[in-house]
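These are the residues of each chain, in order.
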There are 2 protein chains.
Amino acid sequence: MNPIDTAARPATLAAWRRLAQVRPRLAALRPLGDCVRLPARTLLHAGPPLARPPCAPMLNSAVQAVLFEGWADTPEAAHALIADGSVRLAAAQDHDCVVPLASVLSPGQQVQVVQDASGMGRTAYAPLNGGSGPALRLGLPGPQVLAHLRWLNGPFAHAVRGVVPATRPLLSIADLALHQGDDCHGRTAAGSRALLEDWRAAGLAADGEAARFLADSPSFFLNLWMAAAKCMLSAAEGVAGSTLVTAMAGNGSQTGIQLAGLPGRWFTAAAAAPVGRIEPGRDVGDALPAIGDSALVETLGFGALAMQYAPAQREALGAYMPDTPERLCARLLLAPHPACTVSHVRVGLDAEAVLRHAQPPVVALGILDRKGMHGRIGGGIWQAPIAPFQAALAALAPQPAP
Amino acid sequence: MNPIDTAARPATLAAWRRLAQVRPRLAALRPLGDCVRLPARTLLHAGPPLARPPCAPMLNSAVQAVLFEGWADTPEAAHALIADGSVRLAAAQDHDCVVPLASVLSPGQQVQVVQDASGMGRTAYAPLNGGSGPALRLGLPGPQVLAHLRWLNGPFAHAVRGVVPATRPLLSIADLALHQGDDCHGRTAAGSRALLEDWRAAGLAADGEAARFLADSPSFFLNLWMAAAKCMLSAAEGVAGSTLVTAMAGNGSQTGIQLAGLPGRWFTAAAAAPVGRIEPGRDVGDALPAIGDSALVETLGFGALAMQYAPAQREALGAYMPDTPERLCARLLLAPHPACTVSHVRVGLDAEAVLRHAQPPVVALGILDRKGMHGRIGGGIWQAPIAPFQAALAALAPQPAP
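Residue numbers here run from 1 along each chain, matching the order of that chain's written sequence. Chain labels run from A onward and ligand labels from 1 onward, assigned in the order the entries are written. A pLDDT threshold of at least 70 governs which residues receive local features in this predicted model, and a stricter bar of 80 or more applies before side-chain atom pairs are shown or counted, although totals over entire chains, interfaces and linings include all residues. Each side-chain value is worked out from all heavy atoms of the structure, with water and hydrogens disregarded.

**Comments concerning the overall build of chain A**
In step 1: Numbering of helices and strands runs from the N terminus; a helix is a DSSP stretch of H or I covering at least four residues, while a strand is a stretch of E covering at least two. Helix and strand content of chain A: 14 helices and 15 strands.
In step 2: Relative to the globule expectation of 21 Å for 402 residues, the C-alpha radius of gyration of chain A, 20 Å, shows essentially globular dimensions.
In step 3: Principal-axis analysis of the C-alpha atoms gives chain A an extent of 55 × 50 × 45 Å.
In step 4: Remark: exposure states derive from per-residue accessible area (1.4 Å probe, protein chains only) relative to the maximum for the residue type, with buried under 20%, exposed over 50%, and partly exposed in between. When each of the 402 residues of chain A is scored for burial, the buried share is 62%. C-alpha atoms define the radius of gyration, and 2.2 Å times the number of residues to the power 0.38 defines the globule rule.

Put into structure tokens, the structure is as follows:
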């Protein structure tokens, strides 16, 4: 395995060097509306902008968010506001936000503010992870989702706001977490424990409700790491001619990517569902096409592309991989991250390498019920379609007119 | 003196509360081009966008910056690139940058990256202050300016880069500096000493060239505090209907302001020169109209509007003030900053108060030679013209059509 992909373009390596200098840190917890200016009554969803009405799970979550904001009093009234366009849905990543699965982000929700201590990357924002209960990301209807959302953004946020700035540098957490068996996407137990450690050390009551929730929420680190990935990838944007992938995500219908050389421009295709383990009683036909901004974790180089670090993930999902994670990361990712001195994990997905090896990146994704009734029905591996990579590279270097 | 201006609109107070929550900190020192995406061969200048060719001092500095970047080899070639539009000049504040006096900022120059630890304000960027020598802000020609610019952005930046993140919170420095006789604009000696203290404590060699430069540069804190003001004011932008002033600056020809309720929109008028002490041998007719983004310091509420804290400033410039600083700050500024527990300095300039009292804000400004031959020829007080405040308020609440 070459330490650095010597086949990559100079512009792609230049973008990689920018990415590799970013040092994301969790600066604060604040309402989204304090941080990001959105048009009135706008909700943010995962993936590229919607080309058609939202899928059922996203619609369920949008209704919950409308109720959370107090824009409507009943689910029916909330549905009506969304249906007639009074409440609009916009792509979170177009506003430097990241959203897991079928969640939606609204102005009153608390976001984890991730800044680059090195001063290069843009600030990125992620909602609090809802843990193992009735979390908004599952796309479910029902009052218990709204109650949990209120608790998470109310009492829980109040309890942790003061200790959040004491979080150690996020790359340190992720680097160590790989060493402890996380892939930082499908499995984030070690990263979540590290957060709890830091926050307890900073004064979070060990026996309080917030600490108990964190101890029971091995998924908690994921949203934060998604924002860190977005912050790092943003630093690579704008390097002319660079084929480094800076965004990858699904909206439950379409998937899209962006390149460093063409910042802000989505290249999309129809999304398939992840392939993997479906829970008993559910059918593969129930699976929603890929949804969530969490594919940013693999865009960086973690997740399924770092499955070799995570034995539990390999045990559960290795059979669904198109190749070994060792070979995938050596082929698709540019070089080891200089700050990850424990894991030496490779980072930086090169769209040109995707085409050279005819191997799209793989992503460890949760599988949701497409009808929005059963939430998470499994977990699997999703292979990105190759067409957006072809289209993006063609757009980067347009053919001269004949 | 009312602790809070009870005549202010609710929207203006809402914008003020946002401003007052920002906690600016110096995160890093990096080349501007790493942080801000500019079109190729673009230089950033102070004040609103230029409506005509740059004044002589700004043109001199632009030539120096072109040579610094290596875009031309001789001053004549640099002049030609600027004259034919191959090198463009753009307003720094439109890119979250701040520029003192006649300086210009170019992609290879190091900027102090000021982030909001509270997660609300946008990141702002300021060049390193050139101290008491042949600094770029003076608008002078000659090889010694270029040599100093290279030293400042080369060896000096290299020496301090590692200790910069150890800087204490910038509001703490400014609050204490007022107590120690600074106004944080015309006089920044105490603030500059505080920086040197923090950087020495973090390992900057006490007897090195960088520390000696800092000890001899009482102006050093100014650029950093301008970026802090920009970061704080940015958080107020976008509150509909708010009359809080979020930008004020001059470009050597025109002056301009912006309101929180109309973010990004400049309201301009012809600029007069500051009135004050002219050095022996120079004439008041030599004075360049107001130039520099440092009026952001008064936009926040420091500088001439806090002259009561700075006996040396009052001694030197009090005679040129239209009223006592005590009365000016009580009338024009909204309320004491909650984090400034030593000084209780008032912050938040209200355009509506400017009109109510028919009293434009005053700014402690350096006076430059308009021909760009003698640099700084004095220091004085500049009164902003009232017309932009009238125009901005009219634009905020347009009259209904008859």
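Now, onward.
**Some details on the side chain of Asn-129 of chain B**
All names here are of chain B.
In step 1: Its place among the elements puts Asn-129 in the loop between β6 (124–127) and α5 (143–160).
In step 2: Accessibility expressed as a relative area gives 1% for Asn-129, which makes it buried.
In step 3: Any pair of N or O atoms that falls within 3.5 Å is considered a polar contact. Within protein, one atom must be able to donate a hydrogen and the other to accept it, and sequence-neighbouring residues count only if both atoms are side-chain atoms. A polar side-chain atom of Asn-129 sits 2.7 Å from the main-chain amide nitrogen of Gly-131.
In step 4: Of the polar contacts made by the side chain of Asn-129, one reaches the side chain of Ser-219; its length is 2.7 Å.
In step 5: The contact criterion used throughout is that any non-hydrogen atoms of two residues lie within 4.5 Å. Sequence-distant contacts of Asn-129, defined by excluding residues within four places in its chain, comprise Gln-112, Arg-137, Leu-152, Phe-213, Ser-219, Phe-220, Leu-222 and Asn-223.

**Considerations on helix α3 (residues 56–69) of chain B**
Residues and elements named next belong to chain B.
In step 1: Given a rise of 1.5 Å per residue, 14 residues ought to cover 20 Å, and the 20 Å separating the end C-alpha atoms of α3 matches this to within 8%.
In step 2: Most of α3 sits inside the fold, with eleven of its 14 residues counted as buried.
In step 3: Inspection of α3 places Pro-57, Met-58, Asn-60, Ser-61, Ala-62, Val-63, Gln-64, Ala-65, Val-66, Leu-67 and Phe-68 among the buried residues, and these make up the whole buried set.
In step 4: Following α3 by one or two positions, Gly-70 has its phi on the positive side, about 75°. The span one expects for a helix is its residue count, reduced by one, times 1.5 Å.

**Quick notes on the packing of aromatic side chains**
Geometrically, a pair of aromatic rings is defined through the distance of the ring centres and the angle of the planes.
Residues and elements named next belong to chain A.
In step 1: Pairing of aromatic rings covers Phe, Tyr and Trp, the last through its six-membered ring, and needs centres within 6.5 Å; plane angles under 30 degrees mean stacked, over 60 mean edge-to-face, and all others mean tilted. Applying the stated criterion across every chain, the model contains 16 aromatic pairs over all chains.
In step 2: An angle of 70° between the planes, with centres 5.2 Å apart, marks the rings of Phe-156 and Phe-213 as edge-to-face. Within this pair, whereas Phe-156 is found in helix α5 (residues 143–160), its partner Phe-213 is found in helix α8 (residues 209–215), the two being separated by 57 residues in sequence. The burial state of Phe-156 is the same as that of Phe-213; both residues are buried.
In step 3: Consider the rings of Trp-225 and Phe-302, whose centres lie 5.1 Å apart with planes at 65°: the pair is edge-to-face. On the criterion of sequence distance, the pair formed by Trp-225 in helix α9 (residues 220–234) and Phe-302 in the loop between α10 (295–300) and α11 (311–317) is long-range, its members being 77 residues apart. The residues Trp-225 and Phe-302 share a single accessibility class, namely buried.

**Thoughts on the packing of helix α6 (residues 170–179) of chain B against helix α9 (residues 220–234) of chain B**
All names here are of chain B.
In step 1: In this analysis an axis means a line fitted to C-alpha atoms, helices contributing only their contacting stretch, and an angle means the value between N-to-C directions, from 0 to 180 degrees. Look at α6 against α9: their axes get within 11 Å of each other, and the N-to-C directions meet at 120°. Put simply, α6 runs oblique to α9. α6 and α9 meet at a crossing whose hand is left-handed. Between α6, through Leu-170, Leu-171, Ile-173 and Ala-174, and α9, the contact on the second element is made entirely by Phe-221, Leu-224, Trp-225, Ala-228 and Met-232.
In step 2: Polarity classes work like this: nonpolar for Ala, Val, Leu, Ile, Met, Phe, Trp, Tyr, Cys and Pro, charged for Asp, Glu, Lys and Arg, and polar for all others, with Gly in that last group. Taken together, the residues of the contact of α6 with α9 break down into nine nonpolar, no polar and no charged. Throughout, the term roughly parallel applies to angles under 35 degrees, roughly antiparallel to angles over 145, roughly perpendicular to angles from 65 to 115, and oblique to all others. The hand of a helix crossing depends on one turn: near helix anticlockwise from the far one by less than a right angle means left-handed, and clockwise means right-handed.

**Focus: the sheet that holds strand β2 (residues 42–45) of chain B**
Residue and element names in this part refer to chain B.
In step 1: Two strands are said to pair when DSSP picks up at least two bridges between them. Spatial strand order, β3-β2-β4: three strands in an open sheet with mixed pairing. Looking at strand neighbours, the two that pair on one side only are β3 (88–91) and β4 (104–105), the edges of this open sheet.
In step 2: Sheet topology note: the β2/β4 ladder contains two bridges and is antiparallel. Bridging across to β4, Leu-44 finds its partner in Leu-105.

**As for the interface of chain B and chain A**
In step 1: Residue-level contacts link 23 residues of chain B with 22 residues of chain A.
In step 2: Together, the buried faces of chain B and chain A total about 1,500 Å²; carbon and sulfur atoms form 28% of this surface.
In step 3: What makes a salt bridge here is a side-chain nitrogen of Lys or Arg within 4 Å of a carboxyl oxygen of Asp or Glu, nothing more. Summed over the shared surface of chain B and chain A, the result is two salt bridges.
In step 4: Mapped by element, the contributors of at least two residues to the side of chain B that touches chain A are α1 (10–21), β1 (24–31), α2 (32–35) and β5 (110–116) of chain B. The term buried area means the drop in 1.4 Å probe accessible area that two parts suffer when joined, counted for both and summed.

**Things to note about helix α6 (residues 170–179) of chain A**
All names here are of chain A.
In step 1: By the criterion of burial, α6 is predominantly enclosed, with seven of the ten residues buried.
In step 2: Within α6, the full set of buried residues consists of Leu-170, Leu-171, Ile-173, Ala-174, Asp-175, Ala-177 and Leu-178.
In step 3: Those residues of α6 that are buried are in contact with β1 (24–31), β5 (110–116), α7 (189–201) and α9.
In step 4: Among the residues trailing α6, Gly-181 stands out with phi positive, at a value near 100°.

**Quick word on the sheet that holds strand β6 (residues 124–127) of chain A**
The strands making up a sheet are joined through hydrogen bonds of the backbone, oriented either antiparallel or parallel.
Residues and elements named next belong to chain A.
In step 1: Spatial strand order, β1-β5-β6: three strands in an open sheet with antiparallel pairing. Looking at the sheet topology across the chains shown, the edges are occupied by β1 and β6. Across the sheet, the mean angle separating the axes of adjacent strands is 30° when strand polarity is ignored.
In step 2: As judged from the four bridges shared by β5 and β6, these two strands associate in the antiparallel manner. In the strand pairing of β6, Val-113 is matched with Tyr-125.

**Some points on the nonpolar core**
In step 1: To form a nonpolar core, buried Ala, Val, Leu, Ile, Met, Phe, Trp, Tyr and Cys residues must be joined to one another through side-chain atoms within 4.5 Å. The biggest cluster of nonpolar side chains holds 70 residues, and the ones touching the most others in it are Phe-156, Val-160, Leu-170, Trp-199, Leu-204, Trp-225 and Phe-302 of chain B.
In step 2: Domains are outlined according to an automatic or database domain assignment. Of the domains in this structure, domain 1 (10–21 + 237–392) and domain 2 (24–228) of chain B are the two that each give at least three residues to this core.
In step 3: The residues touching Leu-170 of chain B, leaving out its near neighbours within four places in the chain, are Pro-24, Arg-25, Leu-26, Val-114, Phe-221, Leu-224, Trp-225 and Ala-228 of chain B.
In step 4: Listed in part, the 67 residues of the second largest apolar core include Leu-13, Met-120, Ala-190 and Ala-227 of chain A.

**Quick notes on the domain arrangement of chain A**
All names here are of chain A.
In step 1: The domain architecture assigned to chain A consists of domain 1 (10–21 + 230–395) and domain 2 (24–167).
In step 2: Each of domain 1 and domain 2 has a C-alpha centre, and these two points are 22 Å apart.
In step 3: At the junction of the two partners, domain 1 supplies 36 residues and domain 2 supplies 36 residues.
In step 4: When the area that domain 1 buries against domain 2 is broken down by residue, the three leading residues are Cys-231, Asn-251 and Asp-293, summing to 24%.
In step 5: Put simply, domain 1 and domain 2 have one salt bridge between them.
In step 6: In this structure, Glu-237 and Arg-122 form a salt bridge, with 3.0 Å as the shortest nitrogen-oxygen distance.
In step 7: For the side of domain 1 that touches domain 2, the elements supplying multiple residues, two or more each, are α1 (10–21), α9, β7 (245–251), β8 (254–259), β11 (291–292) and β14 (362–368).
In step 8: No other element matches β7, which puts five residues into the side of domain 1 that touches domain 2.
In step 9: Here the residues of the side of domain 1 that touches domain 2 are counted per class, giving twelve nonpolar, 16 polar and eight charged.

**As for unusual backbone geometry**
In step 1: For Asp-96 of chain A, which is not glycine, the phi dihedral falls at a positive 60°.
In step 2: In this fold, Asp-96 of chain A is placed in the loop between β3 (88–91) and β4 (104–105).
In step 3: What makes Asp-96 of chain A buried here is its relative accessible area of 17%.
In step 4: One non-glycine residue with positive phi stands out, namely Leu-101 of chain B, at about 40°.
In step 5: Relative to the helices and strands, Leu-101 of chain B is located in the loop between β3 and β4.
In step 6: The class of Leu-101 of chain B is buried, set by a relative accessible area of 9%.

**Some details on the relation of the copies chain B and chain A**
In step 1: Rotating chain B by 180° and moving it 0.0 Å along the rotation axis overlays it on chain A with an RMSD of 0.0 Å. When the rotation and shift are considered jointly, the pair of chain copies conforms to a two-fold rotation axis.
In step 2: When the interface residues of chain B are mapped onto chain A, 96% of them are again interface residues, pointing to one common binding face. Copies overlap after least-squares fitting; the atoms used are the C-alpha atoms of residues with pLDDT of at least 70 in both.

**Here's the deal with the pattern of salt bridges**
In step 1: Scanning the model with the defined rule gives 22 salt bridges over all chains in all.
In step 2: Between Asp-34 of chain A and Arg-30 of chain A there is a salt bridge; the shortest N-O distance is 3.1 Å. Arg-30 of chain A matches Asp-34 of chain A in its accessibility class, with the two residues each being buried.
In step 3: Across the pair Arg-168 of chain B and Asp-198 of chain B runs a salt bridge whose closest N-O atoms are separated by 2.9 Å. Of this pair, Arg-168 of chain B sits in the loop between α5 and α6 while Asp-198 of chain B sits in helix α7 (residues 189–201); the two residues are 30 residues apart in sequence, bridging distant segments of the chain.
In step 4: Its relative accessible area of 13% is what places Asp-198 of chain B among the buried residues.
In step 5: One connected set of salt bridges, linked through shared partners, spans Arg-18 of chain A together with Arg-30 and Asp-34 of chain B.

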